[in-house]
Amino acid sequence: MATSPKKETPETGVTQSRPTAAAAEHGDHDRIVMASRKADGSMDQTRPEFIGDKETAIEAAREQLAVQAVSAVDTAARGVTAGPAEDGTGSSEPDAEVKALKDAQEKAAKAAEAKAEREVNELHQGLGE
């Protein structure tokens, strides 16, 4: 975001050179093609407005939220390890814990993709023409 240089004014001294959160609440908003995300998956913009091609924005948001959701599942499941049996042999059967983790990841990814599509559909403002 560009900021203007400080200007001396007789009545107040120096004007603000950076926008504040309070100022952003009164009219400013972010025009975005792809959202920045907080750790919980919520958007980290001020009153975001998606611009550009809607399908591209949906695909980007779906991928972004799906990857973040899968990562959250992995983080929650840390400590789950799989390895060879005590005698050093492995099994061709999928490990039950790994399969459960993969199923949870796929479920989280699908929910995140649906959320992404809802967000973009709600906030998309066209191609900016």
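Before any of the text, the structure's been laid out above.
Now for a look at the structure at hand.

Conventions and cut-offs
- Residues numbered from 1 in each chain as written.
- Predicted model: local features only at pLDDT ≥ 70, side-chain atom pairs only at ≥ 80, totals over all residues.
- Heavy atoms only, no water.
- Helix = DSSP H or I, 4+ residues; strand = E, 2+ residues; numbered from the N terminus.
- Expected span 1.5 Å × (residues − 1).
- Buried < 20%, exposed > 50% of the residue type's maximum accessible area, 1.4 Å probe, protein only.
- Polar contact = N/O pair within 3.5 Å; in protein donor to acceptor, adjacent residues only side chain to side chain.
- Contact = heavy atoms within 4.5 Å.
- Core = buried A, V, L, I, M, F, W, Y, C linked by side-chain atoms within 4.5 Å.

### A few points about helix α3 (residues 96-123)
Its 28 residues give α3 an end-to-end C-alpha distance of 41 Å, which sits within 8% of 40 Å, the value for a rise of 1.5 Å per residue. Buried within α3 we find Gln105, Ala108, Ala109, Ala112, Ala116, Glu119 and Val120.

### What to know about the side chain of Glu49
Here Glu49 lies in strand β4 (residues 49-50). Judged by relative accessible area, Glu49 falls into the buried class, the value being 14%. Of the polar contacts made by the side chain of Glu49, one reaches the side chain of Arg31; its length is 3.1 Å. With residues up to four places along the chain from it excluded, the contact list for Glu49 reads His29, Asp30, Arg31, Ile32, Leu123 and Gln125.

### Focus on the environment of Ala111
If you trace the backbone, Ala111 turns up in helix α3. Remark: the alpha-carbon pair of Ala111 and Ala66, spanning 45 residues in sequence, is separated by 7.8 Å.

### Here's the deal with helix α2 (residues 54-76)
If you check α2, its first and last C-alpha atoms are 33 Å apart, about what 23 residues at 1.5 Å a residue would give, namely 33 Å. Turning to α2, its buried residues number three or more, namely Ala57, Ile58, Ala61, Gln64, Leu65, Ala66, Ala69 and Val73. Buried residues belonging to α2 abut β4 and α3.

### What to know about the nonpolar core
Where a protein is soluble and globular, its nonpolar side chains tend to be buried together. Ranked by size, the top nonpolar core spans 14 residues in total, and within it Ile32, Ala35, Met43, Phe50 and Val120 carry the most contacts. For this core, the secondary-structure elements that each account for two or more residues are α2 and α3. No other element matches α2, which puts 6 residues into this core. Residues contacting Ala35, with those up to four places away along its chain left out, are Met43, Gln45, Phe50 and Gln64.

### Focus on the environment of Gln64
Looking at where Gln64 falls in the secondary structure, it is placed in helix α2. C-alpha of Gln64 to C-alpha of Glu113: the two residues are 49 residues apart in sequence and 8.3 Å apart in space. Setting aside residues up to four positions removed in sequence, Gln64 forms contacts with Met34, Ala35, Ser36 and Arg37. One polar contact links the side chain of Gln64 to the main-chain carbonyl oxygen of Ala35, over a distance of 2.6 Å.

The values are spatial; any link to function lies outside them.
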